[in-house]
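Here is how the chains run, residue by residue.
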Amino acid sequence: MADYHWPPADHRALIGKRIKRIDGPQKSSGQAKYSYDINRPGMLWGKMATCPYAHAKITKIDTSAAEAMPGVKGVVTIVPEGQEVFWAGQEIVAVAADTEERAEAGADAVKIEYQQLPYLVADTDPQQAGAQYTKQLENKVAGNPDQAFQQADVVSEGDYGVPVITHCCHETHGQVTEWDGDDLHVWPSTQAVSDMAGEYVEGLGQMGIKIAANNVHVDTQYMGGGFGSKFAADTWGIACAQLSKKTGRPVKMMLERDQELMVAGCRPSMHAHVKVAAKRDGTLVAWDSDTWGTQGPQAEGSPTLPYVLEVPNVRAKYTAVLTNIGPARAWRAPNHPQMALISNGAMEDLAAKLNMDPVDFYLKNIDLAGSHAKIYRDEFAKASELMDWKSKWHPRGQGSSGVLKRGVGLSIHTWGGRGNMSNCQVVIHPDGSVETNIGSQDLGTGTRTVINIVTAETLGLPLSGVKVNLGDNKYPPAGASGGSTTVSGVSTSTRMAATSALNELLAKVAPSFGTTPDKLEAWDGKIQVIGDSSKSIPWKQACAKLGTASVTGTGRTNNALMSSGVGGVQMSEVEVDTETGIVRMIKHVAVQDCGLVIDVKTAESQVFGACIMGVCYAIYEEKIMDQPTGRCLNANMEFYKLASIADIGEIVVHMMQGPGYDERGTIGLGEPPVISPGAAISNAVANAIGVRVPELPLTPDRVLTALGKVGKEGGMV
């Protein structure tokens, strides 16, 4: 029988090759239909009336004027009178009308009265915030940090910080909903197709509308990014379904861009004062950090510091600051970019004080990374080669005597990435056609292509010989796309299902060869005796032996085909104009492992995209809140800055593959490469100008302040 284990390197036709995404033509030609592209007969538009205050109690809601507006067909209340709202932009009432403009006018006509309540939106430290807005979540001690600091040869202290940023999905949150009797059809922009029915059952149940999960049909063929923010149906999804039920018509409700930036999720901030110590030879001995940050009104979890390296003597304190800025949501590697900036920044500052090359410093201490130490050593060697580190690195501030200063910096990171629970079905039809059915979703990361590759590889077919069906909850359920779990989950379940289907086919075909199924294999469009193409029959001829009945194989995620835990090393080269404070990324090198790479092209694409996002949050991105008004000041794409293509320098990606990596099986890749860019770029700026710019983003004013070129009033000195 066919073996389900991954084929050896010398027997792979597709796995580990560079293969274009199979849905590229549909996307580039505009044929791909996203949630915003779904238009149903008789469809209405939904819009929402939102709260203008950061914290308030609703005292009165009057929807009569909205209900009387021309074209308005339905109004539902999301937050009733008497309840509190906790951030500006929170959704209060939803309105459906026959045009988008009339829906907006109807939402504007809703009259809501509030009692304003105290609030905090400033991303401030715990002492300034006050006890009512803070909650200490961690205060750990390991070893004897006080003694270790006393006995250390060199101690470095510094401040480091990462602000709140938002997700900036190209496609905003939203959905189209339509009822057909007791059945609800939803076309959402979601990262969790198989889970979404349960979200609607629960949400609608709280509103008095009972529906069974098997009556909710979810269809997401394409979606424009989520980055961790699109797991839930959300208030707008439930309100949209309510409006559909109330009006008897389909409703489309997609968030406006300002709503997206205000309420659809944000990555929490993290700030720290760090003291770290080493022996004169660079051996790390102690770490002390006082860390704080905001997750909005939530107080959950705490950072793991120091990051990656297990320093023997540690004191780490973390305090959550509770603010009225909207809900925090997972943002591609939750907490890791923040921890990487703080930890890698402190480590490079210590290396600078030791007058050590950071590469030598990390290699000196890399055994503190535990079981991944060898991987980091290999990645440091490759990254140093690709960056030409030894010729570019210099002691801080000694790169040149001109206005334009160049420098290099580095960062290391880690992530888990074990595959989620996925179920798959592979059907081989008598005419030779093959279908793979799986209730997963493709966020734009190439999941369809990976499933296609694994099915085709297992059955010995070209990519064109397999049709992939996903994005629909009528298919076997698969886990949500979060935590870098999708590719590993779906590739292993697909491998199992395809192998199962193939073995059924081999059992039907074996008598024709006068042998047993375990002596046959699928290879190069044929069923053949293992290793002997002269004894073979074409695929379609083999499938014809099925008669009139198709064969179906099912499979689930298999731990034997995957593992967990990756490391990565990134290096960045920047140029800083010391007169203007402008930072430019010149070159960025990303070296990453993820076990067995299914498609090198899509894997590299994930890393390229992560590095581009890293440039954005390192140099440009910040959600700016105004304490006097309680509102977000840059909830638009004019003033919420992202990098343009001209701001992205050269990016070099190297995937660690081959012996030592492939045998680990598949491991998730979506999140790890986005962790290090901020730290590496910040360290490169410090190397270029000779001083640390403590906070991201590395804006001109912050750079000039660090250089001592900005006075108290903000002007040049």
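Bear in mind that the values here come from a model prediction, so they are computed numbers and not experimental data.

Draft legend 1. Local environment of the nonpolar core. By size, the foremost hydrophobic cluster in this structure holds 137 residues, and its most contacted members are Ile-92 and Trp-287. No other element matches helix H16 (residues 600–619), which puts 11 residues into this core. Formed jointly, this core draws a minimum of three residues from each of two domains, domain 1 (35–117 + 173–254) and domain 2 (266–416 + 564–714). Excluding residues within four positions of it along the chain, Ile-92 makes contact with Ala-49, Thr-50, Cys-51, Ile-58, Ile-61, Thr-77, Ile-78, Val-79, Val-85, Ile-112 and Tyr-114.

Draft legend 2. Structural context of the domain arrangement of the protein chain. When the domains of the protein chain are assigned, the result is domain 1 (35–117 + 173–254), domain 2 (266–416 + 564–714) and domain 3 (419–561). If you average the C-alpha positions of domain 1 and of domain 2, the two centres end up 38 Å apart. Facing 12 residues of domain 1, the contacting portion of domain 2 comprises 12 residues. Taking both partners together, domain 1 and domain 2 bury about 960 Å²; carbon and sulfur atoms supply 57% of that area. Contact with domain 2 buries surface across domain 1, with Ala-54, Trp-87 and Phe-227 losing the most and accounting together for 49% of the total. Here Asp-234 makes a salt bridge to Arg-329, at a shortest N to O gap of 2.6 Å. Our count for the contact surface shared by domain 1 and domain 2 stands at 5 residue pairs in polar contact (both at pLDDT 80 or more).

Draft legend 3. The arrangement of the environment of Ser-493 in detail. Within the secondary structure, Ser-493 is located in helix H14 (residues 486–513). The buried category is assigned to Ser-493, whose relative accessible area is 0%. A sequence separation of 351 residues divides Ser-493 from Ala-142, and the C-alpha atoms of the two residues are 41 Å apart. Every residue in contact with Ser-493, bar those within four places of it in the chain, is listed here: Ser-422, Asn-423, Cys-424, Ile-438, Gly-555, Arg-556 and Thr-557.

Draft legend 4. Representation of the pairing of strand E11 (residues 183–188). Counting buried residues in E11 gives 5 out of 6 residues, a clear majority hidden from the surface. Here 6 bridges tie strand E10 (residues 174–180) to E11, and the two strands are oriented antiparallel to one another. If you follow Thr-177 over to E11, its bridge partner there is Val-186. Taking the residues between adjacent antiparallel strands as the criterion, E10 and E11 are bridged by 2 residues, where Gly-181 takes a positive phi near 65 degrees. One ladder, built from 3 bridges, connects E11 with strand E12 (residues 216–218); its direction is parallel. When the bridges of E12 are listed, His-185 appears paired with His-217. With helix H6 (residues 193–206) bridging E11 and its parallel neighbour E12, the resulting β-α-β unit is right-handed.

Draft legend 5. Representation of the packing of helix H9 (residues 336–353) against helix H17 (residues 677–689) within the structure. It is at 8 Å that the axes of H9 and H17 come closest, and there the two elements cross at 30 degrees. In terms of orientation, H9 lies roughly parallel with respect to H17. With respect to the hand of their crossing, H9 and H17 are arranged in right-handed fashion. For the pair formed by H9 and H17, the contact residues are Ala-340, Leu-341, Asn-344, Gly-345 and Glu-348 on the first element and Gly-678, Ala-679, Ser-682 and Asn-683 on the second. Here the residues of the contact of H9 with H17 are counted per class, giving 3 nonpolar, 5 polar and 1 charged.

Thresholds, definitions, all that
- Within each chain, residues carry numbers counting from 1 in the order of the written sequence.
- Since the coordinates come from a predicted model, pLDDT governs what is reported: local features require at least 70, and pairs of side-chain atoms require 80 or more to be given and counted, while whole-chain, interface and lining totals use all residues.
- Computation of side-chain values covers all heavy atoms of the structure but excludes hydrogens and water.
- Each nonpolar core is a collection of buried residues, namely Ala, Val, Leu, Ile, Met, Phe, Trp, Tyr and Cys, held together in the definition by side-chain atoms within 4.5 Å.
- Each residue gets one of three labels from its accessible area relative to the maximum for its type: buried under 20%, exposed over 50%, partly exposed in between, using a 1.4 Å probe on protein chains only.
- Numbering of helices and strands runs from the N terminus; a helix is a DSSP stretch of H or I covering at least four residues, while a strand is a stretch of E covering at least two.
- Residue ranges for the domains originate in an automatic or database domain assignment.
- Between two residues, a contact is recorded if the distance between any of their heavy atoms is within 4.5 Å.
- Two parts placed together each lose some accessible area under a 1.4 Å probe, and adding up what both lose gives the buried area.
- By salt bridge we mean one thing: a side-chain nitrogen of Lys or Arg within 4 Å of a carboxyl oxygen of Asp or Glu.
- Counted as a polar contact is a pair of N or O atoms within 3.5 Å, where, for protein atoms, one must be capable of donating a hydrogen and the other of accepting one, and residues adjacent in sequence contribute only when both atoms are in side chains.
- A pair of strands is labelled paired if DSSP reports no fewer than 2 bridges between them.
- Note on handedness: a clockwise path from strand one over the helix to strand two, with the strands aimed away from the viewer, defines a right-handed crossover.
- With axes taken as lines fitted to C-alpha atoms, and helix axes fitted only over the stretch in contact, angles between N-to-C directions fall between 0 and 180 degrees.
- Orientation categories follow fixed angle ranges, with anything under 35 degrees roughly parallel, anything over 145 roughly antiparallel, 65 to 115 roughly perpendicular, and all other angles oblique.
- Crossing chirality is assigned from the near helix's rotation relative to the far helix, an anticlockwise turn below a right angle marking it left-handed and a clockwise turn marking it right-handed.
- Following the grouping adopted for this structure description, the nonpolar residues are Ala, Val, Leu, Ile, Met, Phe, Trp, Tyr, Cys and Pro, the charged ones are Asp, Glu, Lys and Arg, and the polar ones are all others, Gly among them.

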